[in-house]
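Now for the letters of each chain:
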Amino acid sequence: MSLNQDKPLVVAGVEYQSRLIIGSGKYKDFEENLSALEASAAEMITVAIRRVNLGQNKDEPSLLEVISPERYTILPNTAGCYTAEDAVRTCRMARELLDGHKLVKLEVLGDQKTLYPNVTETLAAAEILVADGFDVMVYTSDDPLVAKRLEEIGCVAVMPLGAPIGSGLGIRNPYNIRMILENASVPIIVDAGVGTASDASIAMELGCDGVLMNTAIAEAQNPVLMASAMKKAVESGREAFLAGRMPRRLYASASSPIDGTFF
Amino acid sequence: MTMEISVNGKQHKFEQDMSLMDLLHALALTEGRIAVEVNGEIVPRSQFAAQQINHQDKIEIVQAIGGG
């Protein structure tokens, strides 16, 4: 029997044993991406929706031929969208592409330099998508009020950033993440900002339900090894959260008894 | 008669009277997972053969690629 009696992560009624979600961007090739996916043990992977390259070699495999939608949960994103309209259109194309698949990652960006979410457009897009029957996992800022509003709209998971997308700066405002967690009744998944394994552990130790990352793995010197590190980091952070950490003290507290010394 | 249509932002000339399925054949895009919009409206896969392509149609053909 395992010591860890954790429940699975449940998103839109589907159980996931892994609390790590990875991306498919910035990898050297599909094979490296697949190896990282296997090493990470993630069951969900994000993809982008883009124009077909008309000049493309017909024999070249496409991403979904290498990373199978039968084996993994494909999470189409709306990366690159700056308006609710573009994001909704992208989700509808994704649903068609994936035979009616309803789970999407909504992100509506506000600015190319920060890639910070445009919260007003995100809220508008979330309303439309939920009404249209999508299961929306939504990327947002770490504002607790906005996170709650997105949950009220009916998003199936709220995904605040830890730091800007691709920055690798870690969880910059753990106190906001804690406030979001305190009020949440849907999974809270830190999306963006993780740079290395300890960042993922910190997110999980705070009590997050999962972590989504792309660049931290894809841009590591050895992406497959980093994927393995992230698997362990998410698991150990989760176990530490469930175990309940000791309180922080300003001064020392001896680990060996004072009684019985012979000197 | 030829017609001019836009496919993924680029102008293409084709003989008139073609279906979306014919167009996808002409572009060698019949394999693999794609989704298609004609003038902003998604055309379900089951309608590819029935969907007529007309002069000045704007067609978008997308696929899933790597992204975070």
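Residues numbered from 1 in each chain as written. Chains lettered and ligands numbered in written order. Predicted model: local features only at pLDDT ≥ 70, side-chain atom pairs only at ≥ 80, totals over all residues. Heavy atoms only, no water.

### Details of the sheet that holds strand E7 (residues 135-140) of chain A
All names here are of chain A. Pairing within the open sheet is parallel, and its three strands lie in the order E6-E7-E8. The outermost strands of the open sheet, each flanked by one partner alone, are strand E6 (103-106) and strand E8 (157-160). Taking each pair of neighbouring strands and ignoring which way they run, the sheet shows an average axis angle of 20°. Judged from the four bridges that link them, E7 and E8 form a sheet pairing that is parallel. Its bridge partner lying in E8, Thr140 is registered against Pro160. Most of the contacts of helix H4 (residues 119-131) go to E7, to which it runs at about 175°, and overall it touches E6 and E7. (Pairing = 2+ DSSP bridges. Helix = DSSP H or I, 4+ residues; strand = E, 2+ residues; numbered from the N terminus. Axes fitted to C-alpha atoms, helices over the stretch in contact; angles between N-to-C directions. Contact = heavy atoms within 4.5 Å.)

### Observations concerning the state of the cysteines
All names here are of chain A. Considering all chains together, one arrives at zero disulfides over all chains under this definition. Unpaired in terms of disulfides, Cys208 finds its nearest cysteine sulfur in Cys155, a separation of 17 Å. On the basis of relative accessible area, Cys208 is assigned to the buried category, the value being 0%. (Disulfide = S-S within 2.5 Å. Buried < 20%, exposed > 50% of the residue type's maximum accessible area, 1.4 Å probe, protein only.)

### Overview of the layout of surface pockets
All names here are of chain A. Space inside the largest pocket adds up to approximately 450 Å³. If you trace the largest pocket, you find 13 residues lining it, with Arg178, Glu205, Leu206, Arg245 and Arg248 closest to the centre. At the level of secondary structure, the elements contributing two or more residues to the lining of the largest pocket comprise helix H6 (174-183), helix H7 (197-205) and helix H9 (223-243). Broken down by element, the lining of the largest pocket gets its largest block of residues, five residues, from H6. Considered class by class, the residues forming the lining of the largest pocket number seven nonpolar, one polar and five charged. (1 Å grid on protein atoms, 1.4 Å probe; cavity = no way out; pocket = protein on both sides within 12 Å on 5 of 7 lines; lining within 4 Å. Points joined across faces, edges and corners; volume = space filled by probe spheres on them. Nonpolar A, V, L, I, M, F, W, Y, C, P; charged D, E, K, R; others polar.)

### Brief notes about the interface of chain B and chain A
As a measure of interface size, the accessible area lost when the parts come together is often cited. Facing the 26 residues of chain B at the interface are 31 residues of chain A. At the boundary of chain B with chain A, total buried surface from both sides reaches about 2,500 Å², with 58% on carbon and sulfur atoms. It is Arg33(B), Gln63(B) and Gly68(B) that lose the most area in chain B upon contact with chain A, and together they represent 27% of the buried surface on that side. On inspection of chain B and its partner chain A, the count reaches five salt bridges. For Arg45(B), the salt bridge is made with Asp99(A), and the minimal N-O distance between the two is 3.2 Å. (Buried area = accessible area lost by both parts, 1.4 Å probe. Salt bridge = Lys/Arg side-chain N within 4 Å of Asp/Glu carboxyl O.)

Everything listed here is a matter of geometry and, on its own, says nothing about what the molecule does.
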